[in-house]
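# Residue-level structure breakdown
Okay, here's what each chain looks like letter by letter:
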Amino acid sequence: PAKYASKASLRDPAEIAGLVPGTPLQAGVELQQGMLIEQPALAPGEREISVLINADTGVAGKLRPGDNVDVLATFQSDDTTRSPASARTIIRRARVITIGLPRSAAKPGSTGQDAAQAAGAQQVLVPVTFALRPTLALRLTYAETFASEIRMALIRRGDEKRPLASDKREYTLPPTIAKLPQGN
């Protein structure tokens, strides 16, 4: 009976149309607000994956759900593997599902001893959720773990199918030989 139902109970079938449980539910449980979520907007075979992107080096507030981006990553040089520093397009045409709320976090390597240092050692991160095939989700996870920075390049609507030549997907600074000043 309605008099025994909590105020958070979902009683109208229209309230649950298109929603799925956010966690496993036991049979016979009374559905309440917050127990159901929107079904992920995924195509068959896709996975939903979120990463934190620096708000300053992302797309600076221009990103919207449904946009397509190229995900770029920069990697430091590695003497062990003899890999030079490089910037790479790790994912072409990643579809953005959601953009979360910005949050402050300490910059990597900052200690924040005093208030002035702490203010300068903060960065604003935004969670961005993508719809990706499993192999691309792994590639994004790898970049999030090992890249020194991840950026997104917004693709203009209508240009999603435009190809990017393979020689334009990676940039490595050519080696330079520094000339040291001669002694007096």
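Look a little higher up for the structure.
Cut-offs applied
Throughout, residues of each chain are indexed from 1 in the direction in which the sequence is written. In keeping with the model being predicted, local features are shown solely for residues with a pLDDT of at least 70 and side-chain atom pairs are shown and tallied solely at 80 or more, while totals for entire chains, interfaces and linings include all residues. Heavy atoms from the whole structure form the basis of all side-chain values; hydrogens and water molecules are not counted. The pairing test for Phe, Tyr and Trp rings, Trp by its six-membered ring, is centres within 6.5 Å, and the orientation test on the planes gives stacked under 30 degrees, edge-to-face over 60, and tilted for anything in between. Helix and strand definitions here come from DSSP, where helices need a minimum of 4 consecutive H or I residues and strands a minimum of 2 consecutive E residues; each element is numbered from the N-terminal end. Summary of the burial criterion: residues with accessible area below 20% of their type's maximum are buried, those above 50% are exposed, and those between are partly exposed, where the area comes from a 1.4 Å probe applied to protein chains only. The length a helix should cover is 1.5 Å for every residue beyond the first. The directions from the helix axis to the C-beta atoms form the arc being described. When checking whether two residues touch, look at their non-hydrogen atoms; a contact exists if any pair is within 4.5 Å. Note on pairing: two strands pair once DSSP finds at least 2 bridges between them.

## Looking at the packing of aromatic side chains
Evaluation of the coordinates by the stated rule reveals 2 aromatic pairs. Aromatic pair Phe 75 and Tyr 142: ring centres 6.3 Å apart, planes at 40 degrees, arrangement tilted. In this pair, Phe 75 is assigned in strand E4 (residues 68-75) and Tyr 142 in helix H2 (residues 134-146), connecting sequence segments 67 residues apart. We classify Tyr 142 as partly exposed; its relative accessible area is 48%. Both rings, one in Tyr 142 and one in Phe 146, keep their centres 4.8 Å apart while their planes meet at 45 degrees; by these two values the pair is tilted. Taken as a pair, Tyr 142 and Phe 146 lie in helix H2 at a separation of 4 residues, close to a single helical turn. Judged by relative accessible area, Phe 146 falls into the exposed class, the value being 53%.

## As for H2
Helix length check: H2, at 13 residues, gives a terminal C-alpha distance of 18 Å against a target of 18 Å (1.5 Å per residue), a fit within 8%. Taken together, the buried positions of H2 are occupied by Leu 136, Ala 137, Leu 140 and Ala 143. The buried side chains of H2 occupy one side of the element, clustering within an arc of 125 degrees when seen end-on. Turned more than 90 degrees away from the buried face of H2 sit Thr 135, Leu 138, Thr 145 and Phe 146, all of them exposed. Residues of H2 that are buried make contact with strand E3 (47-54), E4, strand E5 (86-99), strand E7 (122-132) and strand E8 (149-154).

## Description of the pairing of E4
Counting buried residues along E4, 6 of its 8 residues qualify, which places the element largely inside the surrounding structure. Pairing geometry for E4 and E8, over 6 bridges, is antiparallel. Pairing of Leu 72 across the sheet is with Arg 151, part of E8.

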